Amino acid sequence: MNRPQYILLPANPLFIFVSLLVAFLLNLQIWGRAPGVPDFVALALIFWGIHQPRRVGIGIAFCMGLLMDVNDATLLGENALAYTLLSYFAITIHRRVLWFPVSKQTVHVLLLLLFSQTVQFLVQYMVNNRVPGWSFFLESVVGALLWPVVTWLLLAPQRRAVNRDENRPI
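It should be emphasised that the depicted structure is a prediction, and the values quoted were computed from it without experimental measurement. (Residues numbered from 1 in each chain as written. Predicted model: local features only at pLDDT ≥ 70, side-chain atom pairs only at ≥ 80, totals over all residues. Heavy atoms only, no water.)

**Describing the overall build of the protein**
Per the secondary structure count, the protein includes eight helices and two strands. Along its sequence from the N terminus, the protein presents helices and strands in the succession β-α-α-α-α-α-α-α-α-β. Residues classed as buried in the protein amount to 39% of the 170 residues present. Residue pairs in contact within the protein that sit at least 24 positions apart in sequence constitute 67% of those at least 6 positions apart. With an accessible surface of roughly 10,100 Å², the protein has 68% of that area assigned to carbon and sulfur atoms. (Helix = DSSP H or I, 4+ residues; strand = E, 2+ residues; numbered from the N terminus. Buried < 20%, exposed > 50% of the residue type's maximum accessible area, 1.4 Å probe, protein only. Contact = heavy atoms within 4.5 Å. Areas by Shrake-Rupley, 256 points an atom, 1.4 Å probe, with all protein chains shown as cover.)

**A word on the packing of aromatic side chains**
The way to describe two aromatic rings as a pair is by their centre distance and the angle between their planes. Evaluated as defined, the whole model comprises nine aromatic pairs. When the ring of F47 is compared with that of W147, the centres are 6.0 Å apart and the planes differ by 55 degrees; the resulting orientation is tilted. Of this pair, F47 sits in helix α2 (residues 40-51) while W147 sits in helix α8 (residues 147-155); the two residues are 100 residues apart in sequence, bridging distant segments of the chain. Judged by relative accessible area, W147 falls into the buried class, the value being 0%. Ring geometry for Y88 against F89: centres 5.1 Å apart, planes inclined by 70 degrees, an arrangement best described as edge-to-face. Residue class for Y88 comes out partly exposed when judged on its relative accessible area of 41%. The class for F89 is partly exposed, based on a relative accessible area of 33%. Put simply, the rings of F15, F47, W48 and W147 touch in pairs and so form one group of aromatic residues. (Phe/Tyr/Trp six-rings, centres within 6.5 Å; stacked < 30°, edge-to-face > 60°.)

**Here's the deal with the side chain of Q158**
Structurally, the position occupied by Q158 is in the loop between α8 and β2 (159-160). A distance of 3.4 Å separates a polar atom in the side chain of Q158 from the backbone oxygen of L154. (Polar contact = N/O pair within 3.5 Å; in protein donor to acceptor, adjacent residues only side chain to side chain.)

Remember that the coordinates give geometry; whether it matters functionally is a separate question.
Printed below as a string of structure tokens:
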């Protein structure tokens, strides 16, 4: 099966900002923290950490984590720690992950999301001895299943056709 190869344009910083803002707003929704609903900010941070590690790094992940901590009314720094570690490991493996097709990248994304949730679980357990149920980790599975859709959506503005059309400027 021959997949079309695309030449990617540079990512627009405004588009990166808007995508992180939309992910944050999706997490703010009423259904945003329900069991099985993925953490959209974590997915966006993984995507940009893999595809644009120089533009979206650990500092942005920390700030997004603080915003989520305030939103969730959790221990200040819980999400910030999880997102910082998530971003660090996404940036660390970004070259390896890009060698795989999107369908196989989901395994890496699942492991990153599970690691992030394990950090959150350990922080919650150490602070208040709270042990969430099995549905707590369902969020990572759904997030990994959404990875192909997230990749397609966030790469769409950067794609350029292989065969250049003389009537189009790009």
